[in-house]
Amino acid sequence: MKLSELLQGIRVSASNVDMDTEIKNVCYDSRKVEAGDLFVAVVGFATDGNRYIPMALQKGAVAVVTAVRPTEDVPYVLVESDRLALALIGKNFYRDPAAEMKIIGVTGTNGKTSTTLLLKHVLEKTVGAKVGLMGTMENMIGDVRMEASRTTPESFDLYGLLRAMRDADCTHVVMEVSSHAVALDRVAGLHFAAGAFTNLTEDHLDFHKTMEAYCDAKAELFARCDTAVGNVDDLWFDRMFQKAVCPVLTTSVKKEAGLYAKDISLPANGVSFTAVCGKQTAKVQVSIPGLFTVYNVLSVLGLAVNLGIGLADAANALKTAKSVKGRVEVVPTPGKDFTVLIDYAHTPDGLENVLTLLRSICKGRLIAVFGCGGDRDPVKRPIMGKIGTDMADIAIITSDNPRTEEPMAIIRQIVAGVEKNNYEIVENRPQAIRLAMDIAKKDDIIVLAGKGHETYQEICGVKHHLDEREIVTTWLEETRS
């Protein structure tokens, strides 16, 4: 592909490269550059891609795209934004695959993964669509699963994945859209047939600094949508949609709205309610417990309606939806009279939601094992400490993914918010889980919060295998012997 074709739609400030230069491939990682490639130098958080321009050229790059004018004699294209350029280059390189599919984006602090997975199921069951999915847990092309390294892929990789989805005959793509993805132009150039806002609570303030900036980053999604669904019960609803350029279907469990739930029942094994959307009504049953499930399901139903699917058809499809891995997931404990659950709750709101649900069904003691991730918003740590100890009978405060931070430093910040004396500190997460089971009694519920679907723990920047299901299984085997 010619360089001029790759740069379509990108404002070029200066260049000393022949625009007819043939480009073999595009790389933003200098380690992967091969002869004939275009290297895009992106300024990141950990390093500056401009430092690696000499390496890229030495490995055969024919030109570099940069937002920093080179001081040495190199073949360059100067752009205003390296991240925006990377996204639009990806769009051009992969021949705009999104234009051939319906793209649906879901944003919010909590509920994105459950909403996208449930919507994928509805689309498959109602219109027979082959659906691509991008999310926190995994990426999927139909039934084929692929590992996901982040909630929303880097822009060039995102367009490559979209091309793979289209080449596999996907007609729809459902994706989680993180605030980072919007702020860092990972979804630049994408237009969404439909978007949804689930909720906004304390998270990522290490990056956005204020809740207002966090909200505004997510709100950018709704300037790129044909239709939208929004949780009007959320305090941030008005700000989220103040600049929306598309019609918004409001959802609520508290009052009448564009789409709302009434006659809500919250048994231990799921939820049921009547969904009302204008003159349409439908009975809804989903085998995932908790009031938060009602909110997520309303988002799914709203998206389905905005995509032209009948409310009753969407509700009927949800009857066969399975629970989501790592979301109120029951871990088998044969021979024991207590229950172990795994949940991805890693924000104050998420932890409060799952503990509220479990408190309503717990006949014994509620034991919460939780921590907070490193290199992430430190403001939420004492808040989660207070929630975890206030709402559980026993809290075991431990490590989550400390990443590059010192684990005990994170734990001390969590404990700073604690007002009760009902907790233990066990830095080692496997030991913390084992302690919870050692002390569990009849009818107790243990919730392992924070890791969810993850099967690793990142310590000192290195990922180590850690599957909480395996820890539970090993403990059971040892106690039986």
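Located above this text is the structure these notes cover.
All of these numbers come straight from a predicted model, not from anything done at the bench.

**Here we look at the pattern of salt bridges**
And then number 1: Counted under the stated rule, the structure contains 23 salt bridges.
And then number 2: A salt bridge links Lys-386 to Glu-419; the shortest N-O distance between them is 3.1 Å. Highlighted residues: Lys-386 in helix α13 (residues 380–391) and Glu-419 in the loop between α14 (407–415) and β21 (423–425), separated in sequence by 33 residues.
And then number 3: Using a relative accessible area of 31% as the deciding quantity, one classes Lys-386 as partly exposed.
And then number 4: Three or more residues joined by partner-sharing salt bridges are found here, namely Glu-100, Arg-163, Arg-166 and Asp-167.

**With respect to helix α3 (residues 82–93)**
And then number 1: In a regular helix each residue adds 1.5 Å, so 12 residues correspond to 16 Å; α3 covers 16 Å between its end C-alpha atoms and thus fits that length.
And then number 2: Of all the 12 residues making up α3, 10 are buried; the element is thus mostly covered by neighbouring parts of the structure.
And then number 3: Regarding α3, the residues found buried are Asp-82, Arg-83, Ala-85, Leu-86, Ala-87, Leu-88, Ile-89, Gly-90, Asn-92 and Phe-93.
And then number 4: Once α3 finishes, Arg-95 follows within two positions and takes phi at roughly 60 degrees, a positive value.

**Regarding the sheet that holds strand β6 (residues 102–107)**
And then number 1: A sheet is described by the order of its strands in space; here 11 strands give the open sequence β9-β8-β7-β10-β6-β11-β12-β13-β14-β15-β16, paired in mixed fashion. Lying at the two open borders of the sheet, with one neighbouring strand each, are β9 (144–147) and β16 (280–286). Neighbour-to-neighbour, the strand axes of this sheet turn through a mean angle of 20 degrees, independent of strand direction.
And then number 2: With three bridges joining them, strand β11 (residues 194–197) and strand β12 (residues 228–231) adopt parallel strand pairing. When the bridges of β12 are listed, Phe-197 appears paired with Gly-230.
And then number 3: Of the strands in this sheet, β6, β7 (131–134), β8 (138–141), β9 and β10 (172–176) are in contact with helix α5 (residues 155–167), which crosses β7 at around 160 degrees.

**Points about the nonpolar core**
Among soluble globular proteins, nonpolar side chains are generally buried collectively.
And then number 1: Core analysis: the biggest nonpolar cluster contains 55 residues, and Val-26, Leu-38, Ile-89, Leu-162, Met-165, Met-175 and Leu-190 have the highest contact counts within it.
And then number 2: In terms of residue count, the dominant contributor to this core is α5 (six residues).
And then number 3: Residues in contact with Leu-162, not counting those within four places in the same chain, are Pro-97, Ala-98, Met-101, Ile-103, Met-134, Val-173 and Leu-190.
And then number 4: Core analysis: the second largest hydrophobic core is formed by 43 residues, Leu-249, Val-253, Phe-273 and Val-294 among them.

**Some details on a nonpolar patch on the surface**
And then number 1: A cluster of nonpolar side chains, Ile-264, Leu-266 and Leu-291, forms an exposed patch at the surface whose accessible area comes to about 230 Å².
And then number 2: Relative to the helices and strands, Ile-264 resides in strand β14 (residues 259–265).
And then number 3: In this structure Ile-264 comes out as partly exposed when scored by relative accessible area, which is 31%.

**Comments concerning the environment of Pro-97**
And then number 1: Tracing the backbone through its elements, the reader meets Pro-97 in the loop between α3 and β6.
And then number 2: By relative accessible area, which is 0% here, Pro-97 ends up buried.
And then number 3: With residues up to four places along the chain from it excluded, the contact list for Pro-97 reads Lys-91, Tyr-159, Leu-162, Arg-163 and Arg-166.

**Describing the pairing of strand β23 (residues 456–459)**
And then number 1: Across four bridges, the pairing between β23 and strand β24 (residues 462–465) is antiparallel. Along β24, the bridge assignment pairs Tyr-456 with His-465.
And then number 2: Linking β23 back to β24 in an antiparallel pair, the connection comprises two residues, with Cys-460 at a positive phi of about 55 degrees.

**As for the packing of aromatic side chains**
And then number 1: In the structure shown here, the tally under the stated rule is seven aromatic pairs.
And then number 2: Here the aromatic residues Phe-197, Phe-222, Phe-237 and Phe-241 are joined through ring pairs into a cluster of three or more.
And then number 3: Above the ring of Tyr-456, the side-chain terminus of Lys-451 is found at 4.9 Å from the ring centroid.
And then number 4: Over the ring of Tyr-456 we find Lys-463, and its NZ or CZ is 4.4 Å from the ring centre.

**Concerning helix α16 (residues 468–480)**
And then number 1: Along its 13 residues, α16 runs 19 Å from first to last C-alpha, staying within 8% of the 18 Å computed at 1.5 Å per residue.
And then number 2: Every buried residue of α16 is listed here: Glu-468, Arg-469, Ile-471, Val-472, Trp-475 and Leu-476. What you see down the axis of α16 is that its buried residues fit within an arc of 165 degrees, all on one side.

**Let's talk about the sheet that holds strand β4 (residues 63–66)**
And then number 1: Taken in spatial order, the five strands make up an open sheet running β1-β5-β4-β3-β2, and their pairing is mixed. At either margin of the open sheet sits one strand with a lone partner, and together these are β1 (12–15) and β2 (26–27).
And then number 2: The pairing of β2 with strand β3 (residues 38–40) spans two bridges and is classified as parallel. In the strand pairing of β3, Val-26 is matched with Leu-38.
And then number 3: Each of β2, β3, β4 and β5 (76–79) touches α3; the most contacted strand, β3, lies at about 145 degrees to it.

Rules behind the numbers
- Residues numbered from 1 in each chain as written.
- Predicted model: local features only at pLDDT ≥ 70, side-chain atom pairs only at ≥ 80, totals over all residues.
- Heavy atoms only, no water.
- Salt bridge = Lys/Arg side-chain N within 4 Å of Asp/Glu carboxyl O.
- Helix = DSSP H or I, 4+ residues; strand = E, 2+ residues; numbered from the N terminus.
- Buried < 20%, exposed > 50% of the residue type's maximum accessible area, 1.4 Å probe, protein only.
- Expected span 1.5 Å × (residues − 1).
- Pairing = 2+ DSSP bridges.
- Axes fitted to C-alpha atoms, helices over the stretch in contact; angles between N-to-C directions.
- Contact = heavy atoms within 4.5 Å.
- Core = buried A, V, L, I, M, F, W, Y, C linked by side-chain atoms within 4.5 Å.
- Patch = residues over 30% accessible without salt bridge, like charges linked within 9 Å, V, L, I, M, F, W, Y side chains within 5 Å.
- Areas by Shrake-Rupley, 256 points an atom, 1.4 Å probe, with all protein chains shown as cover.
- Phe/Tyr/Trp six-rings, centres within 6.5 Å; stacked < 30°, edge-to-face > 60°.
- Lys NZ or Arg CZ within 6 Å of the ring centre and 35° of its normal.
- Arc of directions from axis to C-beta.

Geometry only, nothing functional implied.
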